[in-house]
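# Topology and contacts: notes
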Amino acid sequence: MSLTNLLTYVGLVAVFPGFVFTAVVGLLSSWFDRKLSARLQWRVGPPWYQSFADVAKLLGKETVVPAGSAKLVFLGAPFVGFAAVVVVSTILWMASIRPDGAFVGDLIVVLYLLYVPSLAIIIGGSASRNPFAALGASREMKLMLAYEVGFLISAFTLVVKNGGIVSLGGMVAYQQASGPMLSQGISCIIAFIVALIYVPAKLAVGPFDIPEAECELISGPFTEYSGVPLAAFKLTKAMLMCVLPVFLITVFATTAWSPWAILWYVLILVFVVLIKNTNPRLRIDQALRFFWGPVLVLSIVGIVLASLGL
Amino acid sequence: MEENERKLSKLSRWGLKKSPWAFHLNTGSCNNCDIEILDVLTPKYDAERFGIVLVGSPRHADVLLVTGIVTMQTYPRLLHVYEQTAKPCLVVAIGACACSGGIFDGSYHMVGPLDKIIPVDVYIPGCPPRPEAIIDGVVKGLAKL
Ligand code: SF4
């Protein structure tokens with residue numbers, strides 16, 4: 001590989017569609033979340049640079065490692081999750097910018113990498129030797145078991161529907177040729193609804209902020225984190241807030257890069273914020289029942305309809 | 001405690017001023033000051049305009065809002081929380097009790113006032129202080145950083 005090639009790849013991961021770009025969009029999205037929540041509660045809300053200030057501050061603060069914690073794992077976990085999100089964001093953006101390029105990501109790789117931030121939260125929380133963090137980690141684990149099944153089924157509904165294309169670039173190209181997935185039948189709409197419900201659960205906001213539950217668990221797995229590792233977790237969350245809507249848009253609703261994509265993005269964010277502000281937190285068993293009951297049934301109906309060609 | 005003098009980069013200093021996360025610690029107050037702190041977070045005063053957020057863990061805190069006279073019961077806990085807080089942090093004594101002992105001054109169970117135990121950056125007197133006074137105090141304290 002020549003040097004210019006290498007530099008291009010580094011630039012792709014670190015600056016343009018990768019880290020810097022996604023982090024900026026993600027931090028702005030998390031500000032949008034806080035501002036809209038504030039307006040819904042008749043407050044003024046924070047200024048636009050709020051999330052940037054949070055991260056800048058955390059980078060300068062002391063990093064405390066609690067006595068008796070597994071130091072390497074405790075400090076390493078946030079960065080593993082962070083790296084996974086950076087890679088996912090690069091793959092996703094590249095798939096929509098250059099569907100036929102050499103950088104074509106695979107749907108399955110993205111689905112796997114999306115697990116990693118949650119795993120990092122679980123591992124970091126368990127390593128921090130704090131009862132609240134351990135409880136939060138165990139709840140995160142149960143929540144993950146709950147929401148992933150329906151989401152995976154809904155992702156594969158699309159694969160059934162488009163005739164077995166599992167690469168993201170292929171999916172984008174397919175939609176450019178024959179219209180966005182969402183317009184291709186009832187099964188895709190059902191899959192989209194299931195995927196929409198997955199977003200707040202994955203972000204652990206809204207009625208699904210069960211692992212962090214600040215009035216019972218302090219802040220769950222993050223209780224012992226401070227300084228730079230906490231900043232890494234906050235950035236990971238903010239970037240996920242950008243990555244998940246972009247993923248949904250890529251697989252469900254791309255035709256080409258158009259203002260519609262931005263509208264879709266804002267609509268998905270507004271949906272998440274509205275759900276968050278109008279629903280009280282579920283108990284972990286209620287969340288499990290919800291995802292393994294109605295949501296799972298819905299997603300199975302979707303995949304059956306898709307295999308019937310609807 | 002010398003950690004509190006930690007050197008901060010310009011960027012982090014700016015961040016600290018724009019996003020002070022507060023941890024609320026009651027060291028034996030009559031609960032009235034605590035209610036006034038919660039008032040600051042209500043839609044009427046909306047402290048999130050300044051980036052002030054109430055956090056549950058002292059590890060995340062930049063501002064310790066301490067109320068009460070520091071009783072014998074709470075004294076070790078106060079020390080624990082102060083040590084757990086990631087530095088640099090701002091310690092704010094809220095109410096006459098935390099500033100000087102207030103009406104409980106001289107009680108048999110009093111270890112405080114607060115500045116005998118940990119370094120205090122801002123004193124907000126009043127029994128209890130008004131929410132405006134609390135916001136004003138925190139903002140003045142941040143200007144000192
Ligand atoms: S200062 Fe007054 S209101 Fe505040 S805790 Fe003391 S006695 Fe209560």
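Keep in mind that this is a model prediction, so the values were computed, not measured.

Check the secondary structure of chain B and you find five helices and five strands. Secondary structure of chain B in N-to-C order comes out as α-β-α-β-β-α-β-α-β-α. Against the compact-globule benchmark of 15 Å for 145 residues, chain B has a radius of gyration of 14 Å, which places it among compact chains. Taking the principal axes of the C-alpha coordinates as reference, chain B spans close to 45 × 35 × 25 Å. Out of the 145 residues in chain B, the part that is buried amounts to 52%. Accessible surface computed for chain B: about 6,800 Å², of which carbon and sulfur atoms make up 58%. Each charge class in chain B can be summarised by its mean position, and for the 15 positive and 15 negative side chains these summaries are 6 Å apart.

This part covers the site of the ligand. Residue and element names in this part refer to chain B. As a matter of local geometry, the ligand sits amid S29, C30, N32, C33, G95, A96, C97, F104, G126, C127 and P128. Listed by contribution, the elements that provide at least two residues to the shell around the ligand are helix 2 (32–41) and helix 4 (95–100). With three residues, helix 4 is the largest single contributor of residues to the shell around the ligand. Of the residues assigned to the shell around the ligand, the class counts are seven nonpolar, four polar and no charged.

Our next topic: the packing of helix 5 (residues 107–127) of chain A against helix 6 (residues 131–161) of chain A. Residue and element names in this part refer to chain A. It is the contact of helix 5 with helix 6, at a shortest axis distance of 9 Å, that shows an interaxial angle of 175°. Put simply, helix 5 runs roughly antiparallel to helix 6. Considered class by class, the residues forming the contact of helix 5 with helix 6 number 18 nonpolar, three polar and two charged.

It is worth spelling out the packing of aromatic side chains at this point. Per the stated rule, a full pass over the model turns up 16 aromatic pairs over all chains. Relative to A:F233, the ring of A:Y225 has its centre 5.0 Å away and its plane inclined at 90°; by these criteria the two rings are edge-to-face. A:F233 gets classed as buried once you look at its relative accessible area, which sits at 4%. Counting every residue linked through ring pairs, the aromatic cluster contains A:Y147, A:F151, A:Y198, A:F208, A:F247, A:F290 and A:F291. The aromatic ring of B:W21 is capped on one face by A:K57, whose charged end is 3.6 Å from the ring centroid.

Residues and elements named next belong to chain A. A grouping of I186, I300, V304, L308 and L310 is seen on the molecular surface, where their side chains present a nonpolar patch of about 460 Å² in accessible area. On the secondary structure map, I300 appears in helix 12 (residues 284–307). With relative accessibility at 40%, the residue I300 sits in the partly exposed group.

Residues and elements named next belong to chain A. The interhelical angle for the contact between helix 5 and helix 10 (residues 227–253), taken along N-to-C directions, is 155°, at an axis separation of 12 Å. Overall, the two elements helix 5 and helix 10 adopt an arrangement that is roughly antiparallel. As helix 5 runs across helix 10, the sense of the crossing is left-handed. The residues of helix 10 that touch helix 5, namely those facing L107, V110, L111, L114, P117, A120 and I121, are F233, T236, K237, L240, V243, L244, F247 and V251. Along the lines of polarity and charge, the residues of the contact of helix 5 with helix 10 split into 13 nonpolar, one polar and one charged.

The next thing to look at is the sheet that holds strand 5 (residues 122–124) of chain B. Strands in a sheet are paired, the pairing made by backbone hydrogen bonds, and the direction either parallel or antiparallel. Residues and elements named next belong to chain B. One open sheet accounts for five strands, arranged 2-1-3-4-5; its pairing is parallel. A strand with exactly one partner marks an edge of an open sheet, and here the two such strands are strand 2 (53–54) and strand 5. For strand 1 (residues 21–26) and strand 2, the ladder comprises two bridges, and the chain directions are parallel. Pairing of A22 across the sheet is with L54, part of strand 2.

Counting residues at the interface gives 31 residues for chain A, matched by 29 residues for chain B. For the chain A and chain B pair, buried surface summed over both sides reaches about 2,300 Å², with 54% attributable to carbon and sulfur atoms. On the chain A side of the interface with chain B, the three residues burying the most area are A:K57, A:K61 and A:E62, jointly 27% of the side's total. Between chain A and chain B we count six salt bridges in total. Among the salt bridges present, the one from B:D62 reaches A:K61, with a minimum N-O distance of 2.8 Å. One can count 17 residue pairs in polar contact (both at pLDDT 80 or more) joining chain A with chain B. Among the elements of the structure, helix 3 (50–60) and helix 10 of chain A are those that each provide at least two residues to the side of chain A that touches chain B.

The rules behind each value
- Residues numbered from 1 in each chain as written.
- Chains lettered and ligands numbered in written order.
- Predicted model: local features only at pLDDT ≥ 70, side-chain atom pairs only at ≥ 80, totals over all residues.
- Heavy atoms only, no water.
- Helix = DSSP H or I, 4+ residues; strand = E, 2+ residues; numbered from the N terminus.
- Rg over C-alpha atoms; globule rule 2.2 N^0.38 Å.
- Buried < 20%, exposed > 50% of the residue type's maximum accessible area, 1.4 Å probe, protein only.
- Areas by Shrake-Rupley, 256 points an atom, 1.4 Å probe, with all protein chains shown as cover.
- Lys, Arg positive; Asp, Glu negative; His and termini not counted.
- Charge placed at Lys NZ, Arg CZ, Asp CG, Glu CD.
- Near = heavy atom within 4 Å.
- Nonpolar A, V, L, I, M, F, W, Y, C, P; charged D, E, K, R; others polar.
- Axes fitted to C-alpha atoms, helices over the stretch in contact; angles between N-to-C directions.
- Parallel < 35°, antiparallel > 145°, perpendicular 65-115°, else oblique.
- Phe/Tyr/Trp six-rings, centres within 6.5 Å; stacked < 30°, edge-to-face > 60°.
- Lys NZ or Arg CZ within 6 Å of the ring centre and 35° of its normal.
- Patch = residues over 30% accessible without salt bridge, like charges linked within 9 Å, V, L, I, M, F, W, Y side chains within 5 Å.
- Salt bridge = Lys/Arg side-chain N within 4 Å of Asp/Glu carboxyl O.
- Left-handed = near helix turned anticlockwise from the far one by under 90°.
- Contact = heavy atoms within 4.5 Å.
- Pairing = 2+ DSSP bridges.
- Buried area = accessible area lost by both parts, 1.4 Å probe.
- Polar contact = N/O pair within 3.5 Å; in protein donor to acceptor, adjacent residues only side chain to side chain.

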